[in-house]
Every structure is written in structure tokens, then in C-alpha cells.
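Structural features, examined
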Protein chains: 2
Amino acid sequence: MAKYLNEFDATMQMIQGKWKIIILYELAETGQGRFGELQRHIQNVSHKTLANQLRELEADGLIIRHDFETAEPHVEYRLSENGKSLIPILDAICTWGDTHVNHNLIERSLCDE
Amino acid sequence: MAKYLNEFDATMQMIQGKWKIIILYELAETGQGRFGELQRHIQNVSHKTLANQLRELEADGLIIRHDFETAEPHVEYRLSENGKSLIPILDAICTWGDTHVNHNLIERSLCDE
DNA sequence: CTGAATCCATTAGGATACTG
DNA sequence: CAGTATCCTAATGGATTCAG
């Protein structure tokens, strides 16, 4: 059962990162997006951080970067097949959180106020 | 689709942490374990870090801590129902990693050597 | 045995400015 | 527009020591 821990860690490395899943979902919904579009849609992400996360996602083979190499810089990102196959996993995590996490959060938020 | 991102983050917070999943799997396999047993079975984890991760898992409701309160300190940890319900998700992540990650890792390890 | 406290190294990520 | 470089802060986790 625990013999796939290396694969677990490798997968976690890929989806850990404050904005990576938001990026993946954004690309899953829109099909593709330019750097500036992503930055506008994903509020509060800094320029540098978005660039970092995109590079890591690309290095991990989850997204594909297409540089049009025109005079006016134009780059588009989209999900790779690997990236697409990850979406159901992300959905499963969201669903688990929705049914198991909320109550904990509510209890805690009462302590915070 | 992306409306559960808060739940995603909350779930990720719970399972991020260098040893948390190893702890969860260990408890899933053995049923329960004492602090010292966990430290022996999980090689390379420091005393403090194991204590930290156990406290966080307990605070998140994924494991249950039972203090026998005997003269000779005796504490056992086991999965809560929430913790058990998370195992299939972890398995799904492992399985995805097994079928999608390995090749990337192999390609990279060639670069490292 | 279990766990808390202190000190320290590493890393992620934000702010900003600069390049092509 | 897209990307890089520098500086800075907060959080993670390891080593060690102390306490019940």
C-alpha cells in the first residue's frame, strides 16, 4: 500500500505551490491563456511568482508553453495530456474537502473571532 | 469547477508536510501506533518534527491521540473516520504518480548523473 | 516514553526594478 | 508583453536540550 510513496511525493511536488491548481483550473476552463491573461484572472499573484509556477508546471510536463516568437512578445499556455489527466484527482481533493473540511473550518473560525 | 478551491487548499494544508502521508499510511496499515513505534518505523524523521506533524494531524481531525495516562507514559495514535476516508484519495494520487510521473523522473535522473 | 523549547538552515513567495 | 534578477519576510523542518 505504501510502496508508491515516491510517486506520491513526486505528484505532491507538482501540485504544491500557492497558485498551481488555480492555474491548472484556469487553463482547464479556458483552454489556453497568455501570461498577462493569467495574471489578470488570478488576482493577487505577483509577477515573479506566476512566472515561477508556470515554469515549474512546464518542467513537470503539466502545461505546454507556446512562444509565438513574434516581434510583439506572445506566449500561450495550455494543459498537456498529463495535466488534463490530473484534473479528476484535483476534483476528488476538492470534493473530499467540501464534505470533510468545512465543519472543522467553521469550528475554528469561531475561535478566531 | 473552481469554486471549491478553498476546500482544496484546506485539504492540501492537511496532507502537506514531509511525513504526514507516511504517518497516515503507517497508521492505516498497523491500526494504531505509539510515538516511539512511529519514530522507529519512519526512518529519518526527527523527534520534534514527528511531534509537530502528529499534533497537526490531530488538530485537523485526521488522527486520534489516546493518552493512557499511566505512570509510564503511553500514548497511542490511530486514524479518525475522517483520516480513513482520506486514504482512497491518497491512493489515487499514488496511482496517478505511478502512471504519469515515473517517466519524467527517469529522464531527469539521467541529467543528474 | 512523550513532548515542549530553543536555535538554526533552507525554501517559498512577495515587492520591485530591469531587459528584450 | 513576457521574463529575469535582487532583496526581503515568513514558514518548514532538523539538531539539540530540558521537563514530566
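In the annotation of an unreviewed UniProt entry, the entry for chain A reads Transcription regulator, and the organism field reads Companilactobacillus bobalius DSM 19674.

1. Concerning the relation of the copies chain A and chain B
Of the transformation placing chain A onto chain B, the axial shift is 0.0 Å and the rotation is 180°, giving an RMSD of 0.1 Å. Considering both components of the superposition, the chain copies are consistent with a two-fold axis. Both copies share a contact surface, since 100% of the interface residues of chain A are interface residues in chain B too.

2. Some points on helix α4 (residues 47-59) of chain A
All names here are of chain A. With 13 residues, α4 should reach 18 Å at 1.5 Å per residue; the first-to-last C-alpha distance of 18 Å fits that figure. Taken residue by residue, α4 has Leu50, Gln53, Leu54 and Leu57 as its buried positions. Seen end-on, α4 carries its buried residues on one side only, within an arc spanning 100°. Facing away from the buried side of α4 by over 90 degrees, the exposed positions are Lys48, Arg55 and Ala59. Each element contacted by the buried residues of α4 is listed here: α1 (5-15), α2 (20-30), α3 (35-41), β2 (63-67) and β3 (75-79).

Rules and cut-offs
- Residues numbered from 1 in each chain as written.
- Chains lettered and ligands numbered in written order.
- Predicted model: local features only at pLDDT ≥ 70, side-chain atom pairs only at ≥ 80, totals over all residues.
- Heavy atoms only, no water.
- Least-squares fit on C-alpha atoms with pLDDT ≥ 70 in both.
- Contact = heavy atoms within 4.5 Å.
- Helix = DSSP H or I, 4+ residues; strand = E, 2+ residues; numbered from the N terminus.
- Expected span 1.5 Å × (residues − 1).
- Buried < 20%, exposed > 50% of the residue type's maximum accessible area, 1.4 Å probe, protein only.
- Arc of directions from axis to C-beta.

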